[in-house]
Amino acid sequence: MQFTTRLTNNLDQLTFPLPVCGAIPWESVPAGDGAAGSVWRTVVNVSGVPVQHIVVPSFACFAPGYQYQWSLCCPERAETSTLTPVVSAGVDPWQGFTAPTLSTKRMLSKIDCWHTASDGLDLQAELVLYLPESVAPPENDLLTLSIRPVDQDAESIGLPTEAIVLKPPCPISQMQAPSEIAKRICSPTATAMAVAGKDAAILWPDAVTGCYDPNTEAYGKWPLAVYWASQQQRLGAVEALAGWKDAETVLGSGAPIVCSIRFAKDALPGAPLAQSGGHLVVLYGIEFEQNEGFALVMDPAGDTADHVAQRYPLQAFSDAWLRHRGGAYVFGSGTRDP
């Protein structure tokens, strides 16, 4: 099964490289006594989700200091799994959020997404949004929910056949950070390269701070990268891409993609890391030399900025990215000028 929905209340102005299909049906929720701002709720229903599928929720908006929490419910089985709220770095979550819950029998919580452990599930994904500085729903927002098999074989994924090459992003080596965090900050480093343009190196330390998750004591939580970008006025989404078609569309729009990859020892020739169970890189192009394809990548694991730009065999990169989960940060350019 492959399913993606993208919703926004700014359809006329949003510039996002993948199709957005409708509005977010926000419902006002009481904020509680003494609470500032406002609380909003919306639900996405999906039927018949098979076993061993990944469910990736995502949300971003331009409202300052917004906070949100996703829950996944299987109403028929009366099971609900609730993720940790996403909030600004160094800020306490709104007290009205639900306490995070562990995995259920049929839904396995994976910090920022779920894996299904049962077949044919009818699921309800609920988003609760807290706006501390507004009594109205956000004007610039983007909600996505994507579902695909956790694992796919290479034959079902295929490979692109056309070259698309963007201007290389500003290179940043995560290894130039202090040694205690250098090997842990691929996500904020890749995100800064993807969205900050010529200011990437200047904004990089802020991205690192913004992507730190005190609950896991890690920097790689997917939604925190998209949250940080939204506070730089770049709407984006975490998606589980199932193949190259959407990736080619994003590149064709002029936007690079932050790709979540993993690979066994020596399975990604030329990579600065010999192997990885989870690493974030920036894909900015596809090119061909005779009959062989290559992925053009900014890999933050390069030991210096001069070693960040990499050229990986296309099949090896496709295997590292799209065979397992296919996680990606996809960004738009914000809103069009009036």
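For the structure given in this document, a descriptive report is provided here.

Reading the values: the criteria
- Residues numbered from 1 in each chain as written.
- Predicted model: local features only at pLDDT ≥ 70, side-chain atom pairs only at ≥ 80, totals over all residues.
- Heavy atoms only, no water.
- Pairing = 2+ DSSP bridges.
- Helix = DSSP H or I, 4+ residues; strand = E, 2+ residues; numbered from the N terminus.
- Phe/Tyr/Trp six-rings, centres within 6.5 Å; stacked < 30°, edge-to-face > 60°.
- Buried < 20%, exposed > 50% of the residue type's maximum accessible area, 1.4 Å probe, protein only.
- Polar contact = N/O pair within 3.5 Å; in protein donor to acceptor, adjacent residues only side chain to side chain.
- Contact = heavy atoms within 4.5 Å.
- Axes fitted to C-alpha atoms, helices over the stretch in contact; angles between N-to-C directions.
- 1 Å grid on protein atoms, 1.4 Å probe; cavity = no way out; pocket = protein on both sides within 12 Å on 5 of 7 lines; lining within 4 Å.
- Points joined across faces, edges and corners; volume = space filled by probe spheres on them.
- Nonpolar A, V, L, I, M, F, W, Y, C, P; charged D, E, K, R; others polar.
- Salt bridge = Lys/Arg side-chain N within 4 Å of Asp/Glu carboxyl O.

1. Examining the pairing of strand E15 (residues 276-289)
Walk down a regular strand and you will see the side chains alternate between the two sheet faces.
Now for step 1: Direction of pairing for strand E12 (residues 164-165) relative to E15: antiparallel, over a ladder of two bridges. Paired with Val 165 across the two strands is Gly 285, which belongs to E15.
Now for step 2: Sheet topology places strand E14 (residues 257-263) next to E15; six bridges connect them, and they run antiparallel. Across the sheet, residue Ser 260 finds its bridge partner in E15, namely Leu 280.
Now for step 3: Sheet topology note: the E15/strand E16 (residues 292-298) ladder contains seven bridges and is antiparallel. By the bridge assignment for E16, Glu 287 is matched with Phe 294.

2. Some details on the packing of aromatic side chains
Now for step 1: Considering all chains together, one arrives at 12 aromatic pairs under this definition.
Now for step 2: Relative to Phe 317, the ring of Trp 244 lies with its centre 6.5 Å away and its plane at 50°, an arrangement referred to as tilted. Linking Trp 244 in helix H5 (residues 244-252) with Phe 317 in helix H6 (residues 314-322), this pair joins segments that are 73 residues apart in sequence. The same class applies to Trp 244 as to Phe 317, namely buried.
Now for step 3: When the ring of Trp 244 is compared with that of Trp 321, the centres are 5.5 Å apart and the planes differ by 90°; the resulting orientation is edge-to-face. A residue pair is termed long-range when its members are at least 10 positions apart, and Trp 244 in helix H5 and Trp 321 in helix H6 qualify at 77 residues.
Now for step 4: Trp 244 sits in the buried class, given a relative accessible area of 3%.
Now for step 5: For Trp 321, a relative accessible area of 0% gives the class buried.

3. What to know about the side chain of Gln 69
Now for step 1: Relative to the elements of secondary structure, Gln 69 occurs in strand E6 (residues 67-74).
Now for step 2: Here Leu 83 takes part through its backbone oxygen, which lies 2.9 Å from a polar atom of the side chain of Gln 69.
Now for step 3: Leave out the neighbours within four places in its chain, and Gln 69 touches Thr 82, Leu 83, Pro 85, Phe 97, Thr 98, Glu 126, Leu 127 and Val 128.

4. A look at the sheet that holds strand E4 (residues 38-49)
Now for step 1: Taken in spatial order, the five strands line up as E3-E4-E10-E6-E7 in an open sheet, and their pairing is antiparallel. The open sheet is flanked by strand E3 (27-29) and strand E7 (79-82), the only strands paired with a single partner. Direction aside, the axes of adjacent strands within the sheet are offset by 30° on average.

5. So, the side chain of Ser 81
Now for step 1: Among the structural elements, Ser 81 can be located in strand E7.
Now for step 2: Apart from residues lying up to four places away in sequence, Ser 81 is in contact with Trp 70, Ser 71, Leu 72, Thr 101, Leu 102, Thr 104, Met 107, Ser 109 and Trp 114.

6. Considering empty space enclosed by the protein
Now for step 1: In total, this model carries one cavity of 30 Å³ or more according to the counting rule given.
Now for step 2: In this structure, the largest cavity spans a volume of roughly 90 Å³.
Now for step 3: Forming the boundary of the largest cavity are Pro 57, Ser 58, Tyr 68, Gln 69, Trp 70, Leu 83, Thr 84, Val 86, Ile 111, Asp 112, Lys 221 and Pro 223.
Now for step 4: Among the secondary structure elements, those contributing two or more residues to the lining of the largest cavity are strand E5 (53-61) and E6.
Now for step 5: A total of three residues in the lining of the largest cavity trace back to one element, the largest contributor, which is E6.
Now for step 6: A breakdown of the residues in the lining of the largest cavity according to their chemical character gives seven nonpolar, three polar and two charged.

7. Here we look at the layout of surface pockets
Now for step 1: The computed volume of the largest pocket comes to approximately 430 Å³.
Now for step 2: Lining the largest pocket we find 23 residues, and of these Gly 220, Trp 222, Gly 278, Leu 280 and Arg 325 sit closest to its centre.
Now for step 3: Counting only elements with at least two residues in the lining of the largest pocket, the list comes to E14, E15 and H6.
Now for step 4: No other element matches E15, which puts four residues into the lining of the largest pocket.
Now for step 5: Partitioning the lining of the largest pocket into residue classes produces nine nonpolar, nine polar and five charged.

8. A closer look at the pattern of salt bridges
Now for step 1: Counted under the stated rule, the structure contains eight salt bridges.
Now for step 2: Salt-bridge contacts for Glu 289 lead to Arg 311; the nearest nitrogen and oxygen are separated by 2.9 Å. On the criterion of sequence distance, the pair formed by Glu 289 in strand E15 and Arg 311 in strand E17 (residues 309-313) is long-range, its members being 22 residues apart.
Now for step 3: For Arg 311, a relative accessible area of 36% puts it in the partly exposed group.
Now for step 4: Each of the salt bridges in this network shares a partner with another, and the network as a whole consists of Arg 6, Glu 239 and Asp 246.

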